[in-house]
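Structural overview for review
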Amino acid sequence: MKKILLGLMLLGTLIGSQFVAAAADLEVNTPAITAIKNSMQARHTQLGPFYSSGAIGLTKDGLITVKDANAVPLAQRGALTGLVKDENADRSKLYKEIAVANGHPEWQAEIQSTFAGRWIDKAQSGWWVQDAGGWTQK
Amino acid sequence: MKNWMLGLAFVCVIPACVTINIYFPAAAAEKAADKIIDEVWQLKNGAEKHTDKQQEPAAPSAQ
């Protein structure tokens, strides 16, 4: 009887340690996440100059927005709006996919807010970022 | 007796699994975010530090 109990405890410990190992890293290598990442990486070459000119900025909720349309020639504004829309769609999908890939769809909002802070931290100098107090230039 | 012990074992094991999983792993999320942002913005090679400023023409030659 004691052996059964001991066996169960051991099994429980093993299962428990697996959960700990799983919690140490978030799963971000699913095909869906990789596809979104590649799409964002390709788009970034187009978005880069707009960050630098202040036309777009990083919002406090982990997305981007057109901040100063006047910094963009009229002919390019439509294209920029499309880029921003596509980027935000990808970002929202990314946050959702990470939450789902880790078995916790309810983590989406927290993942999004974690990303928001990291995007802003890693933004290049000269880029516009939004915090609780408003817009600042890095 | 056997049922009682089984029950005790489950009572000990199940909350251990659940409590570990209900909290949002903030540190792991930051690590994952950093990894993805580095890839999307291609920050790994450090090339992004270079800013493409317009090159000023060299000092005019004496003429």
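This structure is a prediction, so every number in the text was calculated from the model and none was measured. (Residues numbered from 1 in each chain as written. Chains lettered and ligands numbered in written order. Predicted model: local features only at pLDDT ≥ 70, side-chain atom pairs only at ≥ 80, totals over all residues. Heavy atoms only, no water.)

1. Re the sheet that holds strand S3 (residues 128-131) of chain A
Residues and elements named next belong to chain A. Put simply, the rule reads: Strand pairing is assigned whenever DSSP identifies at least 2 bridges connecting the two strands. Helix and strand labels come from DSSP, where a helix needs a run of H or I of at least four residues and a strand needs a run of E of at least two; each type is numbered from the N terminus. To define axes, lines are fitted to C-alpha atoms, for helices over the stretch in contact only, and angles between the resulting N-to-C directions are given on a 0 to 180 degree scale.
Spatially, the four strands line up as an open sheet ordered S2-S1-S3-S4, and their pairing is mixed. Each edge of the open sheet is held by one strand with a lone partner, namely strand S2 (64-66) and strand S4 (134-137). Averaged over all pairs of adjacent strands, the angle between their axes in this sheet comes to 35°, without regard to strand direction. Both S3 and S4 contribute to a ladder of four bridges, which runs antiparallel.

2. Digging into the confidence of the model for chain B
Heads up, the condition is: Predictor confidence is given residue by residue as pLDDT, running from a minimum of 0 to a maximum of 100. Contact criterion: two residues are considered in contact whenever any of their non-hydrogen atoms come within 4.5 Å of each other.
The predicted model of chain B has a mean per-residue pLDDT of 71, with 52% of residues at 70 or higher. Predicted confidence is poor over residues 46-59 of chain B, with pLDDT under 50, and the contacts of this stretch with residues over four places away or in other chains come to five contacts.

3. Describing the packing of helix H4 (residues 108-122) of chain A against helix H2 (residues 26-40) of chain B
Short version of the rule: Note that the term roughly parallel is reserved for angles under 35 degrees, roughly antiparallel for angles over 145, roughly perpendicular for angles of 65 to 115, and oblique for everything else. By convention the crossing between two helices is left-handed if the near helix lies anticlockwise of the far one by an angle smaller than a right angle, and right-handed if it lies clockwise. Each residue is assigned to one of three groups, with Ala, Val, Leu, Ile, Met, Phe, Trp, Tyr, Cys and Pro labelled nonpolar, Asp, Glu, Lys and Arg labelled charged, and all others, Gly among them, labelled polar.
Where H4(A) meets H2(B), the axes come as close as 9 Å, and the angle between the chain directions of the two elements is 45°. Overall, the two elements H4(A) and H2(B) adopt an arrangement that is oblique. Crossing of H4(A) over H2(B) shows right-handed handedness. For the pair H4(A) and H2(B), the contacting residues are A:Thr114, A:Phe115, A:Arg118, A:Trp119 and A:Lys122 in the first and B:Ala29, B:Glu30, B:Ala32, B:Ala33, B:Asp34, B:Ile36, B:Ile37, B:Asp38 and B:Val40 in the second. Its residues placed into classes, the contact of H4(A) with H2(B) shows eight nonpolar, one polar and five charged.

4. Digging into helix H3 (residues 74-101) of chain A
Residue and element names in this part refer to chain A. Put simply, the test is: Expected span of a helix: the number of residues minus one, times 1.5 Å. For the exposure calls, accessible area comes from a 1.4 Å probe over protein chains only, and a residue counts as buried if that area is under 20% of its type's maximum, exposed if over 50%, partly exposed in between.
Here H3 spans 41 Å end to end across 28 residues, near enough to the 40 Å set by a 1.5 Å rise per residue. Those residues of H3 lying buried are Leu-80, Leu-83, Val-84, Glu-87, Asn-88, Asp-90, Arg-91, Leu-94, Tyr-95, Ile-98 and Ala-99. Positive backbone phi, approximately 75°, marks Gly-103, located one or two places after H3.

5. Some words on the environment of A:Asp86
Mapped onto the fold, A:Asp86 is located in helix H3. For the pair A:Asp86 and A:Met40, spaced 46 residues apart in sequence, the C-alpha separation works out to 8.9 Å.

6. Considering the nonpolar core
Let me state the cut-off plainly: To qualify as a nonpolar core, a set must consist of buried Ala, Val, Leu, Ile, Met, Phe, Trp, Tyr and Cys residues joined through side-chain atoms within 4.5 Å.
With 38 residues, the main nonpolar core has A:Leu58, A:Leu94, A:Ile98, A:Phe115 and A:Trp119 as its most contacted residues. Mapped onto this core, the elements with two or more residues apiece are helix H2 (31-53), strand S1 (56-58), H3 and H4 of chain A together with H2 of chain B.

7. Details of unusual backbone geometry
With the exception of glycine, the majority of residues adopt a negative phi angle, and the majority of peptide bonds are in the trans configuration. Phi is positive for B:Gln42, which is not a glycine, with a value near 50°. Along the chain, B:Gln42 falls in the segment after H2.

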